[in-house]
Amino acid sequence: MSADLVIRRAAAEDAELLTDMVHASGAYQGQYAPIIVGYRVTAEDVARHEVFLAEDGEGRLLGFYSLWPDVPELDLLFVADDAQGRGIGRLLVEHMLDRARQAGLSGVRVVSHPPAEGFYRSLGAERAGTVPPKPPRVTWERPELWFRTG
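Residues numbered from 1 in each chain as written. Predicted model: local features only at pLDDT ≥ 70, side-chain atom pairs only at ≥ 80, totals over all residues. Heavy atoms only, no water.

1. Thoughts on the side chain of D14
- Along the chain, D14 turns up in the loop between β1 (6-9) and α1 (15-24).
- For D14, the side chain forms a polar contact with the side chain of R8, separated by 2.9 Å.
- Leave out the neighbours within four places in its chain, and D14 touches R8 and L53. (Helix = DSSP H or I, 4+ residues; strand = E, 2+ residues; numbered from the N terminus. Polar contact = N/O pair within 3.5 Å; in protein donor to acceptor, adjacent residues only side chain to side chain. Contact = heavy atoms within 4.5 Å.)

So this is what it looks like as structure tokens:
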């Protein structure tokens, strides 16, 4: 991973790039595609939630997350397909957990994309249960995980 990686608060003008990253994700192809059909990260989402992005020294978007402290839940975490395996997801989760601690949260819930469960668990998330399908968009069970921040 490059030393010039920057994690910064997302701005309203980043919303379209974040949406594009969601739609470009190889993790949401095939059977998982329906969950992101029509999905948008809006300027209002960026203003209302803790949305942070990672970019390289040239300002290229490498990944982002959206934390909802009032729930508390990690709503979104994406890393560009061609940037995966470089530790960016780990850095984003660590950053998110630091933000959660600063907000006084005892933990953060994650309703995980099934193939991402191992990633979250490798970073310390514990299995808390299973979220049932919500047809027509979500026709599969999703792991419910919990990060403790203490």
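2. Structural notes on the layout of surface pockets
- Of the voids in this model, the largest pocket is the one considered here, and its volume is about 1100 Å³.
- Lining the largest pocket are 44 residues; nearest its centre among them are Y28, D75, L77, F78 and H113.
- Looking at the lining of the largest pocket, the elements that each hand over two or more residues are β3 (61-68), β4 (73-79), α3 (88-102), β5 (107-111) and α4 (117-122).
- A per-element tally of the lining of the largest pocket places β4 first, with 7 residues.
- Looking at side-chain class alone, the lining of the largest pocket contains 26 nonpolar, 8 polar and 10 charged residues. (1 Å grid on protein atoms, 1.4 Å probe; cavity = no way out; pocket = protein on both sides within 12 Å on 5 of 7 lines; lining within 4 Å. Points joined across faces, edges and corners; volume = space filled by probe spheres on them. Nonpolar A, V, L, I, M, F, W, Y, C, P; charged D, E, K, R; others polar.)

3. Section: the pattern of salt bridges
- Under the defined criterion, the tally for this structure stands at 13 salt bridges.
- Residue R99 is joined to E50 by a salt bridge in which the shortest nitrogen-to-oxygen separation is 2.8 Å. A residue pair is termed long-range when its members are at least 10 positions apart, and R99 in helix α3 and E50 in strand β2 (residues 50-55) qualify at 49 residues.
- Look at R99 and you get partly exposed, because its relative accessible area is 24%.
- Among the ionic pairs, R121 bridges to E117, the shortest N-O distance being 3.4 Å. A residue pair is termed a helical-turn pair when its members lie 3 or 4 positions apart in one helix, as R121 and E117 do in helix α4 at 4 residues.
- On the basis of relative accessible area, E117 is assigned to the buried category, the value being 14%.
- Look at the salt bridges and you will find they share partners, linking R8, D14 and E55 into a network. (Salt bridge = Lys/Arg side-chain N within 4 Å of Asp/Glu carboxyl O. Buried < 20%, exposed > 50% of the residue type's maximum accessible area, 1.4 Å probe, protein only.)

4. Describing the pairing of β5
- Of all 5 residues making up β5, 4 are buried, and the element is well covered by its neighbours.
- For the crossover from β4 across α3 to β5, the handedness is right-handed.
- Pairing geometry for β5 and strand β7 (residues 142-148), over 5 bridges, is antiparallel. Paired with R109 across the two strands is W146, which belongs to β7. (Right-handed = clockwise from strand over helix to strand, strands pointing away. Pairing = 2+ DSSP bridges.)

5. Some points on the pairing of β7
- One ladder, built from 5 bridges, connects strand β6 (residues 126-131) with β7; its direction is antiparallel. Bridge pairing in β7 links R127 to L145.

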